[in-house]
Amino acid sequence: MAVSSSASASTSTSRGCCANSTNSTSYHTQKPHLSKPISIRNPKWKYNWNCSSILSCTIPSANSKARPMPKPPQYNFSSFRVQASSQAGAGAGAGAAGSAPFSEKLSDFGDKCWRFLRPHTIRGTALGSLALVARALLENQQLIRWHLVFKAFCGVIALICGNGYIVGINQIYDIGIDKVNKPYLPIAAGDLSVQLAWLLVLFFAGAGLSIVAWNFGSFITSLYCLGLFLGTIYSVPPFRLKRYPVAAFLIIATVRGFLLNFGVYYATRAALGLPFQWSSPVAFITCFVTLFALVIAITKDLPDVEGDRKFQISTLATKLGVRNIALLGSGLLLANYLVAIFVAFYLPQEFRQSIMVPAHALLASGLIFQAWILEQANYTKDAILQFYRFIWNLFYAEYLVFPLI
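Note that the structure is a prediction, hence the values are computed from the model and not measured. (Residues numbered from 1 in each chain as written. Predicted model: local features only at pLDDT ≥ 70, side-chain atom pairs only at ≥ 80, totals over all residues. Heavy atoms only, no water.)

**A short note on unusual backbone geometry**
Between P237 and the following residue, P238, the backbone shows a cis peptide bond with an omega angle of 5 degrees. With respect to the helices and strands, P238 occurs in the loop between α10 (217-235) and α11 (245-271). Look at R118: it is not a glycine, yet its phi comes out positive at around 55 degrees. Among the structural elements, R118 can be located in the loop between α5 (102-116) and α6 (119-139). Owing to a relative accessible area of 15%, R118 belongs among the buried residues under this scheme. (Helix = DSSP H or I, 4+ residues; strand = E, 2+ residues; numbered from the N terminus. Buried < 20%, exposed > 50% of the residue type's maximum accessible area, 1.4 Å probe, protein only.)

Set out below in structure tokens:
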């Protein structure tokens, strides 16, 4: 590329042959450049082009070494396509989230309500009521009528509503503690507003009371109101009896032990047209579950020691220590099972030894094994939670065995 050399020779031999020779020489010997750099920028591009750096290059002469032209930047257009498609997808997803179908919103609200009801307590209430109804019907099979099934179903719904009121009002007044101890609960997690929680607990109380008053008479209605009252003073200031261990234990044992078992059995016999009369199995399950509810009341504070200490809630677990309370609860339950086995031998005409003895021996063995696991785990929080869940599973198991004893 000797353009510059030939141009110089031409101008030295024949300077006047062309009027524009000077301009021609200047054009070939000067560096082409732009007066102002032109930059092409785009915020989505990985590179920016500066045209002055590309166009400002020297055209070499014949005697000069050729300098390579700067390579233009290489672009990965596939990344542009991926980025654009991902942004478009994100926009579409945001639009879809903003216009979520009604079914999804309803499902989300149902999940919040279910967590608000504390499912493990719902299972205990439902199993207990169904077991007592089944026992009353098995004792009087000749009086079974199909319309009683609907009435029993209404009774279970009323009990679940009462349970929802009691656990719901407790969550409303325990938000600060639950943020430490149970951050997964809907109010503590911010998934459910306090205003909506109040509407739910008032609905549960009103619906449950209406069902009981319409179907089960004044005596059962008064028992139902007593249960709601005890659940209220357990959580609501200025009473807030949960601050006092003995009062808290007595309330839980009374509501979940005596009132539930006695009330359901009484209502079932009344629906069959029979006067109330204790039977040996019903008397046994009432006493057994009352003591069991006392153990639940004691051990329920084991996973909550951190929050109870922070908010100065006095419990046996904060006073005596987690290990001592776990051993105390295990000892009381073990005594409960030993008494059940003894009763089966002492009253063989009232109980089925072939079911009652091995069932309670198996449950007692499971309790001992779980207490051993807790001891080996050195009473960590996860181990304590597992132990507490196992106690509830033993509670469910007792109601499953009850109709067969």
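**Structural notes on the packing of α11 against helix α12 (residues 280-299)**
Two numbers describe how α11 lies on α12: the axes approach to 8 Å, and their chain directions differ by 155 degrees. Considering their axes alone, α11 and α12 lie roughly antiparallel with respect to each other. Every pair of crossing elements has a handedness; the one defined by α11 and α12 is right-handed. Judged by residue contacts, F249, I252, A253, R256, G257, F258, N261 and Y265 of α11 engage V282, I285, T286, V289, T290, A293, L294, A297 and I298 from α12. Split by residue class, the contact of α11 with α12 holds 12 nonpolar, 4 polar and 1 charged. (Axes fitted to C-alpha atoms, helices over the stretch in contact; angles between N-to-C directions. Parallel < 35°, antiparallel > 145°, perpendicular 65-115°, else oblique. Left-handed = near helix turned anticlockwise from the far one by under 90°. Contact = heavy atoms within 4.5 Å. Nonpolar A, V, L, I, M, F, W, Y, C, P; charged D, E, K, R; others polar.)

**Some details on the nonpolar core**
Membership of the largest hydrophobic core comes to 86 residues, with the highest contact counts inside it found for F116, F284, F292, L302, Y337, L394 and F395. At 13 residues, the largest contribution of residues to this core is made by helix α17 (residues 381-401). (Core = buried A, V, L, I, M, F, W, Y, C linked by side-chain atoms within 4.5 Å.)

**Looking at the UniProt feature "transmembrane region" (unreviewed entry) in the protein chain**
Within this structure's numbering, the places UniProt gives as "transmembrane region" (unreviewed entry) are residues 150-172, 184-205, 211-234, 246-266, 278-299, 320-347, 353-374 and 386-404. Here residues 150-172 runs as 100% helix and 0% strand, with 33 Å between its end C-alpha atoms. Across residues 278-299 one finds 91% helix and 0% strand; the C-alpha atoms that close the span lie 30 Å apart. (UniProt positions renumbered as here; feature names shortened; annotations may be inferred.)

**Here's the deal with the pattern of salt bridges**
Once the charged atoms of two side chains with opposite charge are near each other, the side chains can pair. Tallying each qualifying case throughout the model produces 9 salt bridges. Between K300 and D301 there is a salt bridge, with its nearest N and O atoms 3.0 Å apart. D301 gets classed as buried once you look at its relative accessible area, which sits at 7%. Measuring nitrogen to oxygen at the nearest pair gives 3.3 Å for the salt bridge that ties R323 to E375. Residue R323 is located in helix α15 (residues 322-346), and its partner E375 is located in helix α16 (residues 353-376); the two are separated by 52 residues in the primary sequence. Overall, E375 belongs to the partly exposed group, its relative accessible area being 31%. Several salt bridges converge on common partners, so that one network encompasses D111, R115 and D191. (Salt bridge = Lys/Arg side-chain N within 4 Å of Asp/Glu carboxyl O.)

**As for the packing of aromatic side chains**
This structure, assessed with the given rule, holds 21 aromatic pairs. On the numbers, 4.8 Å between centres and 50 degrees between planes, the contact of F219 with Y266 is tilted. In this pair, F219 sits in helix α10 while Y266 sits in helix α11, placing the two residues 47 residues apart along the sequence. Note on F219: relative accessible area 36%, which makes it partly exposed. Note on Y266: relative accessible area 25%, which makes it partly exposed. Three or more aromatic residues link up through ring pairs in this structure, and these residues are F284, F288, F292, Y337, F351, W392, F395, Y396 and Y399. Just above the ring of F402 sits the side chain of R135; from NZ or CZ to the centre is 5.9 Å. (Phe/Tyr/Trp six-rings, centres within 6.5 Å; stacked < 30°, edge-to-face > 60°. Lys NZ or Arg CZ within 6 Å of the ring centre and 35° of its normal.)

**Observations concerning the side chain of Q370**
Take Q370: it is sitting in helix α16. Given a relative accessible area of 8%, Q370 falls into the buried group. Residues in contact with Q370, not counting those within four places in the same chain, are Q386, F387 and F390.

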